Each structure stands twice: as structure tokens, then as C-alpha cells.
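Observations on chain architecture
Below are the chains, spelled out letter by letter.
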Amino acid sequence: MPQDGDSSVVLLYFVAAFAVIVPAVVGPLLAYGPGRRLAGGRLVALTRESVAGLVTTLGRPATALAFVLFWAALIVAVFWPVGLLVHSLENVVDWPVLLWITDRRNPGFEDFNWLYTALGDRDPLKIVVVVSAVFFAALWRRRFWIPLGAILVSFPLEQYVQAILSGMVNRGHPPTGLGSYPSGGIARIVMTFGAIALFTALTWQLSRRWHVVLGTVVLVLATYEGYSRIYVQKHWLTDVVSGLIFGPALFLGYAVAVCVLAGRYPRQAPPERAAAEAPADGSAEDADVPVAATAP
């Protein structure tokens, strides 16, 4: 018969498994359920109309910049009070979880989690960001500046928004780590690999099914990153939960801005803009579609 301590250690392995299985199942369910209903809702329609008006007035680059700045400010306004709330839960939630895990960690499994959690660190992700930006810039040819600029900006966007929130909440970090609110490691994974998934979908015009697959992979990576940061005690539990909401929320606004810049959102450009952007020679080439997407 296993002892109570052994059962607790096994429970940590089950939680690790759930950190992979749950997002792998929930991701597609959300995409085909609430996500589809939300996409056809009134709020999304109003957003589309507003963005279309801004594109007509300001053009796509200015609209994309204005939208991402507005979204970043909105994220700060929403997650500031959330941070104050989770800070108030430190003694009730975070310390009990930290102490419970401290007594039950397995050295071998801890080594694995230290290895995995490094995926969300700044240095390795800087390399991923630069390489992916150059790769997609080469594929987009004449419009290379869109993936080059958009992918490169994803890193400082997350870093500075998270730093602003961390400074405003100023809740400190666990005595065993330096992670603060909200979890930047999770958000960096969402922004970096989300940007790669987004440009993969834009470059090769993938079906909705592949969009869901790519999004689910990013969600799994981020969720297990959260588990690993709790296991190695770099973050409070509430920092991780907040990061799992903060990262996708920030990425949503970034993705809309990128699609605006690339001419994929709104789908139907205003007639006057469409006429202005049409090729002078009357060719069928779409000025808003990357070359790699139109290649046979």
C-alpha cells in the first residue's frame, strides 16, 4: 500500500499530465464552440466595422499601430486590479501550494522541469524570435518588412506590458525564485510561438482545422510552462494562472494588429482603398497576400 507521501508525489505527476491533456482537449472545444459563436457575435462585428473605418482614414500601418497600443493599454487597465486581487490571496493560496510542493518534489522530475521551464526564458526566445522573423521575411519577399517587424516587436511588446503590470502591482516573488506577476515566461511562449503560428497560417493560407491545431500546440506549451514554473518554485500559483490569461489576451490584440497590417482583417477592404491598392497593370496579384501564399 502506498504511503500518503507517495500518493502526494504521484499526484504531482497526474497534475503534470493534466497540464498537457486538458489544453489539448479544451483548445479545440473552445475554438469550435464559444470561439465560433464569439466570432459571429455583435461585438466582433462592431470591432470589424471600427477597424475598417480606421483603415480607410489612417491606412493599415497606422491602424495596426494604434490598435496594438490601445490593446496594450486595455490589458494593463484590466490586469492591474486582477494583480491586486491575486496579491491578496498570497497567504491563502500561494504559500500553502509552495510549501506543499516543497515537501514532495522528485529530484529527477525536478531536473526535467528545470530544463523545460528554460523554454520561457528571455535568452533562448530572443534567438527563436530573430530566426523566425528572418525566415518569414524571406518567404514574404517584397513585403518582407511585415513579418520582420511584426515578429521582432512581439518580444518587447510582451516584455514592457508585463513589466508595467509587475511594477504597478509590485507583489514581490517567491523566496525560491524571481518570477513576478503575471508570469512572463508563459506570456513569452504565447507571444513568440503564437506569432510563428500566426505567420504560418498567413503564409500558407491554412484551413481552420490547422489554425486550431497550431493554436492548441501553443496552448499546451504555455500550460506546461506554467506547471514547470510552479514545480521549480519560480512563480506563485496565482502568477501562473494570471499568466495563462494575460498571455493569450495580449496575443489576441497583437494578432488582430498583424492581420490588419497584412491586409487580412477586415476581410473586405473599403472600395476606395481596394481601388487604390489594386495593381496598376490590372494583374490579378493581390497586393495584400504574401508571395509565398500565392505560390503554386
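With that out of the way, let us pick up the overall build of the chain. Within the chain, the regular secondary structure consists of 13 helices and zero strands. When its helices and strands are written in sequence order, the chain yields α-α-α-α-α-α-α-α-α-α-α-α-α. Counting the 296 residues in the chain, one finds 45% classified as buried. Long-range pairs, those at least 24 residues apart, make up 85% of the contacts in the chain with a sequence separation of at least 6.

With that out of the way, let us pick up empty space enclosed by the protein. Applying the stated rule across the entire model yields one cavity of 30 Å³ or more. Quantified by volume, the largest cavity comes out at close to 40 Å³. Along its surface, the largest cavity is lined by Asp94, Val97, Leu98, Ile101, Ile230, His235, Trp236 and Leu237. Considering each element in turn, the lining of the largest cavity owes the most residues, four residues, to helix α5 (residues 90–102). The class makeup of the residues in the lining of the largest cavity is six nonpolar, one polar and one charged.

Let us now look at the packing of aromatic side chains. For any pair of aromatic rings, the description rests on two quantities: the centre-to-centre distance and the angle between the ring planes. Under the criterion given, the structure shown has 17 aromatic pairs. With a centroid separation of 5.1 Å and an interplanar angle of 80°, the aromatic rings of Phe135 and Phe136 are classed as edge-to-face. Overall, the relative accessible area of 3% leaves Phe136 in the buried class. Taking 5.3 Å as the distance between ring centres and 40° as the angle between the ring planes, the aromatic pair formed by Tyr224 and Tyr227 counts as tilted. Of this pair, Tyr224 and Tyr227 both sit in helix α10 (residues 208–231), separated by three residues, roughly a single helical turn. An aromatic cluster is defined as three or more aromatic residues linked by ring pairs; in this entry it consists of Tyr13, Phe109, Phe112, Tyr116, Tyr224, Tyr227 and Tyr231.

Turning to unusual backbone geometry, a few remarks are in order. Both trends apply: most residues other than glycine have a negative phi, and most peptide bonds are in trans. At the junction of Tyr181 and Pro182, the peptide bond is cis and its omega measures out at -20° in the coordinates. One can find Pro182 in the loop between α8 (145–169) and α9 (184–204). The linkage connecting Tyr265 with the following residue, Pro266, adopts the cis geometry, with an omega of -5°. Positionally, Pro266 belongs in the loop between α11 (237–261) and α12 (271–277). With a phi close to 50°, Gln205 is a non-glycine residue in the positive phi region.

This brings us to the nonpolar core. In this structure, Phe199 and Tyr254 are the most contacted members of the largest nonpolar core, which totals 63 residues. The element contributing the most residues to this core is α11, with 13 residues.

When their charged atoms lie close together, side chains carrying opposite charge are able to pair. Summed over all chains, the structure comprises seven salt bridges. Among the ionic pairs, Asp94 bridges to Arg171, the shortest N-O distance being 2.8 Å. With a gap of 77 residues between them, Asp94 in helix α5 and Arg171 in the loop between α8 and α9 connect regions that are remote in the sequence. As far as burial versus exposure is concerned, Asp94 and Arg171 are alike and both buried. Between Asp121 and Arg229 there is a salt bridge, and its shortest N-O distance comes to 2.8 Å. With Asp121 in the loop between α6 (107–117) and α7 (122–140) and Arg229 in helix α10, the pair connects residues that are 108 residues apart, well separated along the chain. Judged by relative accessible area, Asp121 falls into the partly exposed class, the value being 24%.

This part is about α6. An α-helical segment advances 3.6 residues per turn. Residues three or four places apart therefore align on the same side. Every buried residue of α6 is accounted for by Phe109, Glu110, Asn113, Tyr116 and Thr117. What you see down the axis of α6 is that its buried residues fit within an arc of 125°, all on one side. Looking at α6, the residues exposed on the side facing more than 90 degrees away from the buried face are Pro107, Asp111 and Leu115. Where α6 begins, the capping side chain belongs to Asn106, and its oxygen is found 2.9 Å from the backbone nitrogen of Gly108.

The rules behind each value
Position numbers for residues start from 1 in each chain and track the written sequence from start to end. Local features in this predicted model are restricted to residues of pLDDT 70 or higher, and side-chain atom pairs are both shown and tallied only at a pLDDT of 80 or more, whereas totals for entire chains, interfaces and linings draw on every residue. The side-chain quantities take in all heavy atoms of the structure and omit both hydrogens and water. Secondary structure elements follow DSSP: runs of H or I no shorter than four residues count as helices, runs of E no shorter than two count as strands, and numbering proceeds from the N terminus. Buried means the residue's accessible area, taken with a 1.4 Å probe over protein chains only, is under 20% of the maximum for its type, while exposed means over 50%, and partly exposed covers the values in between. Residue contacts are defined here by distance: any two heavy atoms, one from each residue, within 4.5 Å place the two residues in contact. Whether a set of points on the 1 Å grid over the protein atoms alone is a cavity depends on a 1.4 Å probe fitting there but being unable to get out, while an open set qualifies as a pocket with protein on both sides within 12 Å along at least five of seven lines; lining residues are those with an atom within 4 Å of a point. Grid points are joined across faces, edges and corners, and a volume is the space filled by probe spheres set on the points. Gly is put with the polar residues, along with every residue not named as nonpolar or charged; the nonpolar set is Ala, Val, Leu, Ile, Met, Phe, Trp, Tyr, Cys and Pro, and the charged set is Asp, Glu, Lys and Arg. Aromatic rings from Phe, Tyr and Trp, taking only the six-membered ring of Trp, are treated as a pair when their centres fall within 6.5 Å; an angle between ring planes under 30 degrees marks them as stacked, one over 60 as edge-to-face, and anything in between as tilted. The term nonpolar core refers to a set of buried residues drawn from Ala, Val, Leu, Ile, Met, Phe, Trp, Tyr and Cys, joined through side-chain atoms within 4.5 Å. We define a salt bridge as a side-chain nitrogen of Lys or Arg found within 4 Å of a carboxyl oxygen belonging to Asp or Glu. The directions from the helix axis to the C-beta atoms are what the arc is built from. Identification of polar contacts relies on pairs of N or O atoms within 3.5 Å, with a donor-acceptor requirement for protein atoms, meaning one able to donate a hydrogen and the other able to accept it, and with residues adjacent in sequence counted only if both atoms are side-chain atoms.

Purely geometric numbers; function is a separate question.
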